[in-house]
Structure formats: structure tokens, C-alpha cells
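# Chain and residue survey
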Amino acid sequence: MLVYSGLKLDYKHQSLGEIREKLAKELRCSPEEVRNLRIEKKSLDARKKPDLYYVYQVAFQVKGETAFLKKRGKNRNLKLHDPVIDLYSMAREAKACGDHKIVVVGMGPAGLFCAYYLALLGLKPRLIDRGKAVEERSQDVEKFWQEGILNPESNVSFGEGGAGTFSDGKLNTGVKDKTGRRKFILETFVRFGARENILYDSKPHIGTDVLRSVVKNMREEIMALGGQVSFSTKMTDLILEGDRVVGLKVENDRGTEEIPCQRLILALGHSARDTFAMLLDRKVSMEQKAFAMGVRVQHRQEDIDLAQYGILDPALPPSPYKCTAQTEDGRGVYSFCMCPGGYVVNASTEEGGLVVNGMSDADRDSKNANAAILVAVRPEDFGSQDLLAGVEFQRKLEKEMYQVCQGKIPVQTYGDFCRGTLSPKLGRVSPCVKGKWDFGQVDKSLPKFMRNGIINGMVEFGKRIQGFDSQDTLVLGLESRTSSPVRILRGKDFQSLSLRGLYPCGEGAGYAGGIMSAAMDGLRVAMNIQSELTGGEVEQA
């Protein structure tokens, strides 16, 4: 198998036949010689807009590959294909290790992929989540958006699939993939219902509408492999013997239950505040972690497309963007979780607090683009060395933002945000939201450093993306749950520094920042448990 990188085609010409023709021309061979052609990577090059190109990396076969490669030895874009480790094959070849009483807490990406891999090995994990199955959870979320009735245990953050289920479903990550984990995760998503283009798109996403089916299918496969899944089951305490975890206490519809275990994997979400407090009481080693907070902004998607592409063409995908800058006081300010053709959603989890997030369906077909604009938060901003001071800082601002419009999403034009005035009407941009909204002064409920930082960032981003800081841009608050404000400390063996048998992983534990990195971290934990049980080499965290 050979691989060719840097193959450019006009964005209007991207069929497999056209790719084959262009590749054959580059390699000075006939198209018929190119066999088993497949796309490995695909990205859109808009640097010379409006002349837009897709850039491909493709894998293929030809007869007599060694001689073919030698004959074209000066072509630096052509090389032998470097195969990636196939974890599915490895799991199939592994022997079932018996019943080792492994419990996974949390059904976000980290917990799901950890449990799925353990199930493939025959270890039959028990997977629990405080929220509901995705079908019931979706009903609770829709009811909240339509009627404002919040279920604190089943919402945009809590339940099967985790917070990522109600998001754009972005799968990009900077984590290198020498071990085949990224490949395994993408193939798993496709196996359970995601579109095949995520295997090669440079910025893959699934979409919340598809994700709901994917996580349900993963859960059913875990159960088919002998795993147990329990919803509406909230961990309330740890059961310890000395410095080792030997079980956990949970609350469910039957009351209080004790679950014995030999290994407890904590795949918490970033909003598991009561669980963080319990772990602190149990003297589990944790530390404050840097995080960021801010607002969501909305633009018309066609305005972003025109600025990014230089043209409007329905053949082009809704354009994303990513911006970073520094504030006047030296803080980082950046766009985060950008959702082309998406919605701003009410993602609240606590009564009397308001949180927003971004979400897109697979087709990204709403009229607006949105993204979080975040400002770095420093420990001195919440003025306490208390481990959960960051949580209380988030909570305080969420409560203040709730009061702005009595639980509705506050909306303000960017011009009025800068002026510090209530918006009397909309301009060119109308809100695309899930949940009720009203005009409110978002700026009034933000600390001065955050408000000024957002304005600094918007001005800088407006220099790069025309119209980004337009007076009509919408500002919606509050984006406060971008990452966990604490880290549960673990050693090189992935176990807690203070308790043996406890494996913190994923975003809530402070080791990931999105669907893909969380899934990869959960997979790393599962693979190291496999090594522990089989006497194999243990990868260090």
C-alpha cells in the first residue's frame, strides 16, 4: 500500500473518479493502474480565496509497488503506507480475563470508550450514570427548552453520552495517534452510526442528532458483550479499606445500594460538582486547575462563509473558524467549540443558575454560526486557595446571569455590550437558540476583566474575519463549563495518588478537553487495566 499527500483538487471536483484521475496524472501512470483507492485525509485550503481547493492524502495500491516507488523516488509526496495499530484486532485476539468487578462511573466519551474496550476484552464492566438513557434524557432536555422545567439529574450535561451528546460533536484533537486509539475511536463511531467522512475529514464532527443514536448503539453493544448498564444511579460515596477503594455507594430508584468493586474508573463530567465535594471529603488528591469563561457569540453563517471563503456557494460546507489573542492585561482570549450552522442552547444543570453551550446537527443547517469567546480565569480572580473555589466562582456568575432574564438566555447586541446598554431590538442577526431567550444586559453580570477581555478579543478577531465585531453580532451568556475547575491527581499507573484501585480519567477529572481527547483517555485507562491483568507492559500516564 502506498500513500500520496498534498493532492489538490478544485472544491467543485471531489469525486473518487476525479481524485483517481488527478493522482494518476501526478504519478505519470494510467488511472487503471491505481487500485483500492481510499481517502485518508481531506482538508479545505482557503488561503487564496476565492480560489478554494481540497487537499487530500490518499492510500492506494499498484502492481509492483517497490519498483513503482523507486521509479518515482524524487516525488516527496509519495511513500509507503505506515499502517496504524488495529486495536479491534488486538481486542479480538486478547483472552477474556474473567470477572474482576470493574465499575465505570460516567457515560460520557471517556466512560463509554473505557467500558466498551473492557467489554471487548470480556471483562464485563458495570457502567453507571446519574442521568437517564439518551432517549429519556432527550425528552427531559426538550421539555426544559420548551417549558423551562429543569431536571437536575437529566439535562444537557448529565445522562448517557455526557455533555458532548448535545454539542456539535467535534472530533478534532491535537493528540498524536501512534497507538491507533484515534483510529479505533473514529471507526467505532462509524460502526455505531456516524457518517464515514469522519474517518478522513481534517475537522470531523458527528452532530447531536446522530450522536444520540451512536451512544445508544454503543450502550447496547456493551450489554450484548456482558456488561451491565445502570441509569439514574448516582455515586454518593466511596467504600474504602485502608488506602484502597473496594466499592461505592449509590442512590437509585430502589434507595441506597453498595456496589463492590476491585477497580473504580471515575469518568466524571466537568459539571459533577457534588461529586468533587464528596471526593474532597474523602481526601482524594486533587488540585485547582486553570479554566476559562465567557459568552457565546452568534453571526449569520453566510457572513462567516463570505469572510472565510470569499464566495458563497452551497457546494461548500458551512465555514468554521478558530481565533486566539491576548487581552490588555495579558490573559488569553480565544474562540472555543465553534458550531457552524448551529444553535446556542440553555445548558443549565442547577436551579437558579444559567449556562449556555453550542450545538449543531450533522448537516449544520441553521442560519447562524456560534462560538464561545472565552477569557482565562486565574486563581486570584476568585481570591481563595480552597480547592473548590473555582466551582463557587462559576456558580456565582451563573446565578447572576440567571437573574438577568429570570432563567431565559440573555441576548445583547455586541454594540450594546460594548456600550453597557440594554438592546432595544435586533439588527441583522436573529438568535438561533434552544430554550427561551430575552433581551438582557449580559455585560452587567460579568467581572470587569472578563467583559474587557471579550471586547479586546472581538476587536482582534474582527481584524482577521471581516464583520466579526459587527455591532449586530449577538452576545449570549454565560459560557462557564468549558472544562473542569479541578484535576483529580493520578500517578503514572493512572491510579489516584491517594487511593489504589481508583482511576480518574476524562474531562471532569482534568485530563481531556473534548469528545476525542476524553475518549482517548478512557481508552488509555482500559488498555492499562488490560496490561495490569495480563502482565503486559503498562503505558505510563
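In short, a report on the structure. Quick caveat: nothing in here was measured; it's all calculated off a predicted structure. (Residues numbered from 1 in each chain as written. Predicted model: local features only at pLDDT ≥ 70, side-chain atom pairs only at ≥ 80, totals over all residues. Heavy atoms only, no water.)

As paired elements, strand β14 (residues 324-326) and strand β15 (residues 332-339) share three bridges and run antiparallel to each other. Across the sheet, the residue bridging to Ala 325 is Val 333, located in β15. In textbook terms, the turn of a hairpin is the stretch between consecutive antiparallel strands, and for β14 and β15 this stretch comprises five residues, one of which, Gly 330, has a positive phi near 85°. For β15 and strand β18 (residues 368-377), the ladder comprises five bridges, and the chain directions are antiparallel. Counted as the bridge partner of Cys 339 is Asn 370 from β18. (Pairing = 2+ DSSP bridges. Helix = DSSP H or I, 4+ residues; strand = E, 2+ residues; numbered from the N terminus.)

Spatially, β2-β3-β1-β4 is the arrangement adopted by the four strands of the open sheet, whose pairing is antiparallel. Two strands lie at the open edges of the sheet, namely β2 (35-45) and β4 (78-80), each paired on one side alone. Between one strand and the next, the sheet's axes are offset by a mean angle of 25°, whatever the strand orientation. As defined by bridge partners, strand β1 (residues 2-10) adjoins β4 across three bridges and the pair is classed as antiparallel. Bridging from a neighbouring strand, Val 3 pairs with Lys 79 of β4. Against the sheet, helix α1 (residues 16-27) touches β1, β2, β3 (53-61) and β4, its axis set at about 110° to β1. (Axes fitted to C-alpha atoms, helices over the stretch in contact; angles between N-to-C directions. Contact = heavy atoms within 4.5 Å.)

Turning next to the packing of aromatic side chains. Each aromatic ring pair is summarised here by two numbers: the centre-to-centre distance and the angle between the ring planes. Tallied over the entire structure, the rule returns 13 aromatic pairs. Aromatic side chains Tyr 54 and Tyr 56 sit 6.3 Å apart centroid to centroid with 50° between the ring planes, which places their arrangement in the tilted category. Each of the two residues, Tyr 54 as well as Tyr 56, counts as buried. Taking 5.8 Å as the distance between ring centres and 50° as the angle between the ring planes, the aromatic pair formed by Phe 382 and Phe 393 counts as tilted. Of this pair, Phe 382 sits in helix α10 (residues 379-382) while Phe 393 sits in helix α11 (residues 389-404), and the two are eleven residues apart along the sequence. (Phe/Tyr/Trp six-rings, centres within 6.5 Å; stacked < 30°, edge-to-face > 60°. Buried < 20%, exposed > 50% of the residue type's maximum accessible area, 1.4 Å probe, protein only.)

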